[in-house]
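Geometric and topological summary
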Amino acid sequence: MQQLTKPLRRIMLGALTVASLLAMAPNALAQTWPSKPIRLVVGAPAGGTADIVARTLAEGLTPLLGQSVIVDNKAGAMGAIGTQDLLQSPHDGYTFMVGVNGLVTEVPHVVKARLDMFKDIKPLAQLTQTGLLLVGTPSLPASTLKEVIAYVKAHPGNVSYASYSSGTMSHTMGQELNKLAGLDMTHVGYKGSPPALQDVMGGHVALMFDGPATSVPLIKAGKLKAFAVGTPKRLAALPDVPTFAELGYPKIGEIAWMGLWTTPDVPADVQAKVREATLKVLQQPKVIERFREQGQDIGQPLTPDELSKSLRAASDRHAANLKAIGFQPE
């Protein structure tokens, strides 16, 4: 029995040693993290809202984390390409993603995919929040929402509006305005805000529902007209532009937010460090002012669980909106 006991004892000690090392591995990673540059994937083109937010965040995180934070644009498929990049990268805490909440609440209802966005990705922090603006080409003979509605009614079937992607809030808000105001605007979907705005400024499309970060600079430069904003209150960056609610359309508009995303299996300690550093960046006065100038407010410090709960509710609302307009997934 004694001859058998010694080998068994060695085996058991070896197993315990391996188990101890495995248990310590996440903590060891957190202690050495970050030891190389961190990548922020953006599933949208350069110059768009997500890109602007990501670059501001990267600038703030770099000194706090002691490593370079690099923005990597992976535009296409309504953010799905960026999401795939995040999922296919090592889940070691060196790749995160900046993207709109619509990645979870809108895209799955629009594009048929094998991903379960509620399980495959996780919101770490809400970065900014805002609503969409109704903007128009400078040549449009209208200065108010009332005049826009009158113009569309005077040109039945001949006025189009752009969205940054079919099936998103940018699309459904136009359909809601059609329904509530008795209009027949034609929707034209684009792959991102920049190309859509180019066509609006050029007069190829009359109107668009767009985010303030990309539209506000163009409005201030006189390259776009602004008619209404879909937020509960007026934007500090555009104090003279009324809300849809003020103009008699309280059902038009919903708060959208830009978030920092990860995969659930990234070590918890690393997730906590990134979230903590991110919240510190969002408290910096220069960051608050920069976003405010773009028509965005700093996001709420909600926990990942609270964010996930809000995403579920928003997803249900968007599904109902798409069903109401008879939208079919691509």
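Owing to the predicted nature of the structure, the values given are computational and were not obtained by experimental measurement.

Rules of the game
- The written sequence of each chain sets the order in which its residues are numbered from 1.
- Only residues with pLDDT of at least 70 are given local features in this predicted model, and only at 80 or more are side-chain atom pairs given and counted; all residues enter the totals for whole chains, interfaces and linings.
- Water and hydrogen atoms were dropped before computing side-chain values, which therefore reflect all heavy atoms in the structure.
- Axes, fitted as lines to C-alpha atoms, cover a helix only where it is in contact. Angles between the N-to-C directions of the axes lie from 0 to 180 degrees.
- Going along the chain from the N terminus, every DSSP run of H or I of four or more residues is numbered as a helix, and every run of E of two or more is numbered as a strand.
- Working rule for angles: under 35 degrees goes down as roughly parallel, over 145 as roughly antiparallel, 65 to 115 as roughly perpendicular, anything else as oblique.
- We call two residues in contact whenever any of their non-hydrogen atoms come within 4.5 Å of each other.
- Residues are grouped as follows: Ala, Val, Leu, Ile, Met, Phe, Trp, Tyr, Cys and Pro are nonpolar; Asp, Glu, Lys and Arg are charged; all remaining types, including Gly, are polar.
- For the exposure calls, accessible area comes from a 1.4 Å probe over protein chains only, and a residue counts as buried if that area is under 20% of its type's maximum, exposed if over 50%, partly exposed in between.
- At least two bridges found by DSSP between two strands is the condition for calling them paired.
- The criterion is simple. A nonpolar core is a set of buried Ala, Val, Leu, Ile, Met, Phe, Trp, Tyr and Cys residues joined through side-chain atoms within 4.5 Å.
- Here a pair means two rings of Phe, Tyr or Trp (six-membered ring of Trp) with centres within 6.5 Å. Their orientation is stacked below 30 degrees between planes, edge-to-face above 60, and tilted elsewhere.
- Charge-over-ring contacts are defined here by two conditions on Lys NZ or Arg CZ: a distance within 6 Å of the ring centre and an angle within 35 degrees of the ring normal.
- Values of pLDDT, ranging from 0 to 100, describe the predictor's confidence in every residue of the model.
- Salt bridges are defined by distance alone: a side-chain nitrogen of Lys or Arg within 4 Å of a carboxyl oxygen of Asp or Glu.

Quick notes on the packing of helix H2 (residues 49-65) against helix H12 (residues 285-293)
Direction vectors running N to C along H2 and H12 enclose 170 degrees, while the axes themselves pass 11 Å from each other. Here H12 runs roughly antiparallel to H2, going by the angle between their axes. Contacts between H2 and H12 involve Val53, Thr56 and Glu59 on the former and, on the latter, Lys286, Val287, Arg290 and Phe291. For the contact of H2 with H12, the class distribution of residues is three nonpolar, one polar and three charged.

Considerations on the pairing of strand E8 (residues 207-210)
Side chains Leu207 and Phe209 project from E8 onto one buried face, and the interleaved Met208 and Asp210 project onto a second face that is buried too. Summarising the sheet, strand E5 (residues 133-136) and E8 pair through four bridges and their orientation is antiparallel. Bridge pairing in E8 places Leu133 opposite Asp210.

Here's the deal with unusual backbone geometry
Note the cis peptide between Trp33 and Pro34, where omega equals -5 degrees. If you trace the backbone, Pro34 turns up in the loop between helix H1 (2-32) and strand E1 (38-42).

Looking at the sheet that holds strand E4 (residues 122-130)
The six strands lie next to each other as E2-E1-E3-E10-E4-E11, forming an open sheet whose pairing is mixed. One side of each edge strand has no neighbouring strand; the edge strands of this open sheet are strand E2 (69-73) and strand E11 (297-298). Looking at chain direction, E1 and E2 are connected through five bridges and run parallel. What sits directly across from Val41, in E2, is Asp72. Against the sheet, helix H13 (residues 304-324) makes contact with E4 and strand E10 (256-262), and its axis sits at roughly 70 degrees relative to E4, the strand it touches most.

Observations regarding the nonpolar core
In summary, soluble globular proteins display a tendency toward joint burial of nonpolar side chains. With 29 residues, the main nonpolar core has Leu40, Leu57, Phe96, Val98 and Leu260 as its most contacted residues. Elements supplying a minimum of two residues to this core: E1, H2, E2, strand E3 (95-100), E4, E10, helix H11 (268-282) and H12. In this view, Leu57 contacts Leu40, Val98, Leu127, Leu260, Thr278 and Val281; residues no more than four positions away in its chain are not counted.

Things to note about the packing of aromatic side chains
A complete count under the given rule lists four aromatic pairs for this structure. Relative to Phe244, the ring of Phe209 lies with its centre 6.2 Å away and its plane at 25 degrees, an arrangement referred to as stacked. A residue pair is termed long-range when its members are at least 10 positions apart, and Phe209 in strand E8 and Phe244 in the loop between strand E9 (225-229) and E10 qualify at 35 residues. Residues Phe209 and Phe244 agree in their burial class; the two are buried. Pairing Trp257 with Trp261 gives two aromatic rings, centres 5.8 Å apart and planes at 10 degrees, and the pair type is stacked. By the burial criterion, Trp257 is buried, and Trp261 matches it. Taken together, the aromatic side chains of Tyr161, Phe209 and Phe244 make up a single cluster linked through ring pairs. Geometry around Phe118 places Arg312 over its ring, the cationic atom sitting 3.8 Å from the centre.

Some points on the environment of Met258
Here Met258 is to be found in strand E10. A relative accessible area of 7% places Met258 in the buried class. With 89 residues separating them in the primary sequence, Met258 and Met169 have C-alpha atoms 14 Å apart. Once you skip the residues sitting within four places of it in the chain, Met258 turns out to touch Thr49, Ala50, Val53, Val98, Gly99, Val100, Ala125, Gln126, Leu127 and Thr128.

Some points on the confidence of the model for the protein chain
On average, residues of the protein chain score 89 in pLDDT, and 90% of them reach the 70 mark or higher. Contacts of residues 14-24 to residues separated by more than four positions or lying in other chains number zero contacts, the stretch itself having pLDDT below 50.

Brief notes about the pattern of salt bridges
The full count for this structure, using the stated rule, is seven salt bridges. Glu254 is the salt-bridge partner of Arg317, the closest N and O atoms lying 2.8 Å from each other. One end of the pair, Arg317, is in helix H13; the other, Glu254, is in the loop between E9 and E10, with 63 residues separating them in the sequence. On the accessibility criterion, Arg317 (42% relative accessible area) is partly exposed. Lys280 is the salt-bridge partner of Glu276, the closest N and O atoms lying 3.9 Å from each other. Taken together, the residues span about one helical turn, with Glu276 and Lys280 both in helix H11 at a distance of four residues. Overlapping salt bridges bring together Arg39, Asp72 and Asp85 as one network.

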